[in-house]
Amino acid sequence: MFSWTFLRCSSEETAPVIVFVSKMFAVDAKALPHNKPRPLTQEEIAQRRELAKQRHAGKMAANQGKEVSEKPPSENSSEGTGSTGDKKGEEQQLTDQMDVVTSKAAKQEADNKESFIAFARVFSGVVRRGQKIFVLGPKYDPAESLHKLSPQCSATDDLPSVPHMSCCTLENLYLLMGRELEELEEVPAGNVLGIGGLQDFVLKSATLSTSPACPPFTPLNFEATPIVRVAVEPKHPSDMPQLVRGMKLLNQADPCVQVLIQETGEHVLVTAGEVHLQRCLDDLKERFAKIEISVSAPIIPFRETITRPPKVDMVNEEIGKQQKVAVIHQTKEDQNKIPEGIQVDSDGLVTISTPNKQATLSVRALPLPEEVTRLLEENSDLIRTMEQLSTSLNEDKNAHEINQKTMDKIKEFKQKLEQNLQGRKWRNAVDHIWSFGPRKCGPNILLHKFEGYKNSVWQCLENTEKEVSKYGDFDNSIVSGFQLATLSGPMCEEPLMGVCFTVEKWEMNKVGETLLTKSRDSGECGAVEHQESEDTVSPTSNCTVDTCSENEHEQSSQSVPKSLEKNSKNKGEVLLTDCYGPFSGQLIATMKEACRYALQAKPQRLMAAMYTCEIMATAEVLGRVYAVLSKREGRVLQEEMKEGTDVFIIKAVLPVAESFGFADEIRKRTSGLASPQLVFSHWEIISSDPFWVPTTEEEYLHFGEKADSENQARKYMNAVRKRKGLYVEEKIVEHAEKQRTLSRNK
């Protein structure tokens, strides 16, 4: 129905109203039409003339009384009366001054207030001023909400609470005439308008409709992705409420900004770049919060990944054919010493046991192809939807049937993964995907290749519940450990990207298998008891169930020492009572450590966020532009001349970490003849190894004993570690003998 109505774009009285609000923007309250000064009518002019005459007459009378009070006592017989009138006049004057100051302050406060206008377009029906309408958020789902509402309901009815839906009255409609706003009474379909009074109902975008059956519009995707973040705080702690309110208004006014509150309590502002950051901070100080704020240094995000082992060394010679020299420095293997109890083979397979030695895991890390990483990033929302569907199936919720369009997207996503994961080592890998990470929707994959386990992320395609395996409910602990490992890598605690972890072995000893069996059986017995307690059964059957649970408890207590286990009725989990804590927690920690050591067994690299830089410059300053780019680790991709002009268009990529001050420097070096435009593009691997030290004779001769030439990856890694308070291996004093004159100290 709504697709047909939408395509008609009808302005009939019977057509439902459909309006899409694409963004909210802030304007000064004095710029609104009802606050602007308007021309006076003849009656108002006459009334103001009379008021002016009365004020003038009052002033003349007050001046005459003052002259009388200044006469000598002989000439003035009514001195007491004159002085009393003078005091009353002064009191009246002070009162008038106070009223003027108060009215000016109230007027100034009203003028400084920011009002929000919704930028919208009417797609169906006629929007009228004072009309009551539904406000549908981007996450509103009519299929889930219509069963709570009557088919003929309207916004004027008393309706139950529905997620992501509210009702409001359209207070003001405006025609957008450049910077001017003109009030309107109604707007038909096909027009763009501004709507006032929606600041309490719409955050960034929404759909307005007279029917709750209308599906919401998808929010607009902006080319500029927020990537640069800073932490802000007020200079005076008492101004914190104003800062919180100001950041909320800034988040509503700017569609490209993100406002976050981290776990540490910091208020973080995420912006698209340096210029956008400065604009947001100025708006926060001058328009929205109106307080003095302190801003941290910009926080640049990085990613951690692994690559294939290089075939040539730092001097471009084939690895394996050089003559090794005595290792002067600690090599990478010495820096990352493997603790006892952890086995790492030559292929990077890490084998580790839980602290109580009841389970053993073998994990391997592999780099994902770039196409797969890009595919996972583009389909993060679809992966999140798959996780929600699988969770609802596992929890036995009576969820509505999966939309066929969503099913087709999931199947297409799976086919693309199979096309990009080709080769012997990726055989049947797509069917064995256990989870994505971090946060179960990131660009990393967890595979299972051990026997006895068949669950995967494609459970929603088969529309089946999770299979009961011999590993019980402890598979969630493995997934949780994987999520923690991908959320913070070993180099500088940054998220991982483009890494595949494969669990090739999960072994349980006899005690561990007994615990898993007990966990599953206790859950089944709990379900049977719960079911029979709801139904009407005979006392004999109740005794049978109780006897069954008692017998199983006795058998398990004989096979497992009482000091090693403790039964928990919640979800049938068995918790060990030894000094190592719950068995599920041990599996989480063991899986996290296994992933970290598997990552360190491969060549590690940092990934930097990159801007696409487009520069327009003339031929005279072309060399200076290249000099600035090379100084800041930029790389030119393309250079072409604009037809009919002497202007060159240069396309390059530039690390976000090197972009601060780039626009000002390039304008200064070129005298304003070159202007760059930066847009976040992608993540790129930094080729240099942050842990590299010279190990061969050629490298030693080329780089020297210290090998202290600037390593860009190590510089970034140490900067992040310092910011996070992690250990940084560096020498505070180096070459101390060069810092004093030895001859003078003899």
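Read on for an overview of the structure. In this numbering scheme, every chain counts its residues from 1 along its sequence in written order. Owing to the predicted nature of the model, reporting of local features is limited to residues with pLDDT of at least 70; listing and counting of side-chain atom pairs is limited to 80 or more, with chain, interface and lining totals taken over all residues. Only hydrogens and water are set aside when side-chain values are computed; all heavy atoms of the structure are taken into account.

Turning our eyes to something else, we now look at the overall build of the chain. Note on conventions: DSSP H or I runs of at least 4 residues are helices, E runs of at least 2 residues are strands, and numbering of each starts at the N terminus. Along the chain, the regular secondary structure elements total 19 helices and 27 strands. Note on classification: 1.4 Å probe, protein chains only; a residue is buried when its accessible area is under 20% of the maximum for its type, exposed when over 50%, partly exposed between these limits. Counting only residues that meet the buried cut, the chain has 40% of its 746 residues in that class. Contacts: residue pairs with any heavy atoms within 4.5 Å of one another. The contacts in the chain between residues at least 6 apart in sequence include a share of 75% that link residues at least 24 apart. Put simply, the chain shows about 43900 Å² of open surface, and 50% of that area lies on carbon and sulfur atoms. Working definition of accessibility: Shrake-Rupley area with a 1.4 Å probe, residue cover restricted to the visible protein chains.

In a beta sheet, neighbouring strands are held together by backbone hydrogen bonds and run either parallel or antiparallel to one another. Pairing in this open sheet of eight strands is antiparallel, and the strands run S5-S4-S10-S1-S2-S9-S6-S7 from one edge to the other. Each end of this open sheet is capped by a strand with a single partner; those strands are strand S5 (165-169) and strand S7 (180-184). Averaged over all neighbouring strand pairs, the angle between strand axes comes to 40 degrees, with direction disregarded. Here, strands pair whenever DSSP counts at least two bridges between them. Pairing of strand S6 (residues 172-177) with strand S9 (residues 192-196), which is carried by three bridges, proceeds in the antiparallel orientation. The convention used is that axes are lines fitted to C-alpha atoms, helices contributing only their stretch in contact, and that angles between N-to-C directions extend from 0 to 180 degrees.

Mapped onto the secondary structure, Gln-131 falls in the loop between strand S3 (127-128) and strand S4 (132-136). Under this definition, polar contacts are N or O atom pairs within 3.5 Å; protein pairs additionally need one hydrogen-donor-capable and one acceptor-capable atom, and for neighbouring residues in sequence, both atoms have to be side-chain atoms. Within polar-contact distance, the side chain of Gln-131 engages the backbone nitrogen of Arg-128 at 3.1 Å. Among all residues touching Gln-131, those that are not within four sequence positions of it are Val-17, Val-126, Cys-168, Thr-169, Leu-170 and Thr-210.

A pocket here means an open set of points on a 1 Å grid, computed over the protein atoms alone, that has protein on both sides within 12 Å along at least five of seven lines. A cavity is instead a set of points where a 1.4 Å probe fits but cannot get out; residues with an atom within 4 Å of a point line either one. Grid points are joined across faces, edges and corners, and a volume is the space filled by probe spheres set on the points. Evaluated as defined, the whole model comprises two cavities of 30 Å³ or more. Its volume calculated, the largest cavity comes out at about 60 Å³. Listing elements by their share of the lining of the largest cavity, those giving two or more residues are helix H9 (380-394) and strand S19 (433-437). At four residues, the largest contribution of residues to the lining of the largest cavity is made by H9. Amino acid classes used here: Ala, Val, Leu, Ile, Met, Phe, Trp, Tyr, Cys and Pro are nonpolar; Asp, Glu, Lys and Arg are charged; the rest, including Gly, are polar. Looking at the lining of the largest cavity residue by residue, the class counts come to four nonpolar, two polar and two charged.

So, about the nonpolar core. Buried residues of nine kinds, namely Ala, Val, Leu, Ile, Met, Phe, Trp, Tyr and Cys, make up a nonpolar core once their side-chain atoms join them within 4.5 Å. Ranked by size, the top nonpolar core spans 63 residues in total, and within it Ile-195, Leu-198 and Leu-208 carry the most contacts. With six residues, the top contributor of residues to this core is strand S24 (residues 604-618). When neighbours within four sequence positions are excluded, Leu-198 is seen to be in contact with Val-21, Met-24, Ala-118, Cys-168, Leu-170 and Leu-208.

This paragraph deals with the sheet that holds strand S20 (residues 444-448). Spatial strand order, S16-S17-S18-S21-S20-S19: six strands in an open sheet with mixed pairing. Every interior strand has two partners, whereas the edge strands, strand S16 (343-344) and S19, have only one. Bridge count between strand S18 (residues 359-367) and strand S21 (residues 499-508): nine bridges; the pairing is antiparallel. Following the sheet pairing, Val-363 is matched in S21 by Val-503.

Right, let's talk about the packing of aromatic side chains for a bit. Stacked, edge-to-face and tilted labels apply to pairs of Phe, Tyr and Trp rings (six-membered ring for Trp) whose centres lie within 6.5 Å, assigned for plane angles under 30 degrees, over 60, and everything in between, in that order. Here the structure, examined in full by the defined rule, presents twelve aromatic pairs. Taken together through their ring pairs, the aromatic side chains of Trp-434, Phe-450, Tyr-453 and Trp-506 make up a single cluster. A cation over an aromatic ring shows up here: Lys-23 above the ring of Phe-119, its NZ or CZ 6.0 Å from the ring centre. We call a charge positioned over a ring when the NZ of a Lys or the CZ of an Arg lies within 6 Å of the ring centre and within 35 degrees of the ring normal.

An α-helical turn contains 3.6 residues, so a residue and the one three or four places further along point in the same direction. Every helix has an expected span of 1.5 Å times one less than the residues it contains. For helix H19 (residues 712-723), with twelve residues, the first-to-last C-alpha span of 17 Å sits near the 16 Å given by 1.5 Å per residue. If you check which residues of H19 are buried, you get Gln-712, Ala-713, Tyr-716, Met-717, Asn-718, Val-720 and Arg-721. As for H19, its buried residues are in contact with strand S15 (302-306), S24 and strand S26 (647-655). Structurally, the start of H19 carries an N-cap: the backbone nitrogen of Ala-713 is 3.2 Å from a side-chain oxygen of Asn-711. Immediately beyond the C-terminal end of H19, within one or two residues, lies Gly-725, with a positive phi of roughly 75 degrees.

Taken N-terminus to C-terminus, the directions of helix H5 (residues 240-253) and helix H6 (residues 274-288) make an angle of 120 degrees; their axes are 10 Å apart at the nearest point. The pairing of H5 with H6 is recorded here as oblique in orientation. In this structure, the crossing between H5 and H6 has a hand that is right-handed. Contacts between H5 and H6 involve Leu-243, Arg-245, Gly-246, Met-247, Leu-249, Leu-250 and Ala-253 on the former and, on the latter, Cys-280, Asp-283, Leu-284 and Phe-288. Counted by class, the contact of H5 with H6 contains eight nonpolar, one polar and two charged residues. Should an angle lie under 35 degrees it is considered roughly parallel, over 145 roughly antiparallel, and from 65 to 115 roughly perpendicular; all remaining angles are considered oblique. Left-handed describes a crossing in which the near helix is turned anticlockwise from the far one by less than a right angle; the clockwise case is right-handed.

Let us now look at a positive patch on the surface. The grouping of Arg-308, Lys-311, Arg-424, Lys-425 and Arg-427 at the surface amounts to a positive patch. Its place among the elements puts Arg-424 in the loop between helix H10 (404-420) and S19. Judged by its relative accessible area of 70%, Arg-424 is exposed. A patch consists of residues exposed above 30% relative accessible area that lack any salt bridge, with like charges linked at up to 9 Å and nonpolar side chains (Val, Leu, Ile, Met, Phe, Trp, Tyr) linked at up to 5 Å. We define a salt bridge as a contact between a side-chain nitrogen of Lys or Arg and a carboxyl oxygen of Asp or Glu at a distance within 4 Å. This count recognises Lys and Arg as positive and Asp and Glu as negative, with His and chain-terminal groups excluded. Charged side chains are reduced to one point each, which is NZ for Lys, CZ for Arg, CG for Asp and CD for Glu.

Counted residue by residue, strand S11 (residues 228-234) has five buried out of seven residues, so it is predominantly covered. With five bridges joining them, S11 and strand S13 (residues 267-271) adopt antiparallel strand pairing. Bridging from a neighbouring strand, Ala-231 pairs with Val-268 of S13. Of the strand pairs in this sheet, S11 and strand S14 (residues 293-295) are connected by three bridges, and their pairing is antiparallel. The residue bridging Pro-234 from the neighbouring strand is Ile-293, located in S14.

Okay, the pattern of salt bridges next. Applying the stated criterion across every chain, the model contains 16 salt bridges. Across the pair Arg-635 and Glu-684 runs a salt bridge whose closest N-O atoms are separated by 3.0 Å. Of the two residues, Arg-635 is situated in strand S25 (residues 635-641) and Glu-684 in strand S27 (residues 675-685); the sequence distance between them amounts to 49 residues. Judged by its relative accessible area of 22%, Glu-684 falls in the partly exposed class. In this structure, a network of salt bridges that share partners links the residues Lys-631, Arg-632 and Glu-665.

Below, the discussion takes up unusual backbone geometry. The omega torsion of the bond from Gly-437 to Pro-438 falls at 0 degrees, within 30 degrees of zero and hence cis. Tracing the backbone through its elements, the reader meets Pro-438 in the loop between S19 and S20.

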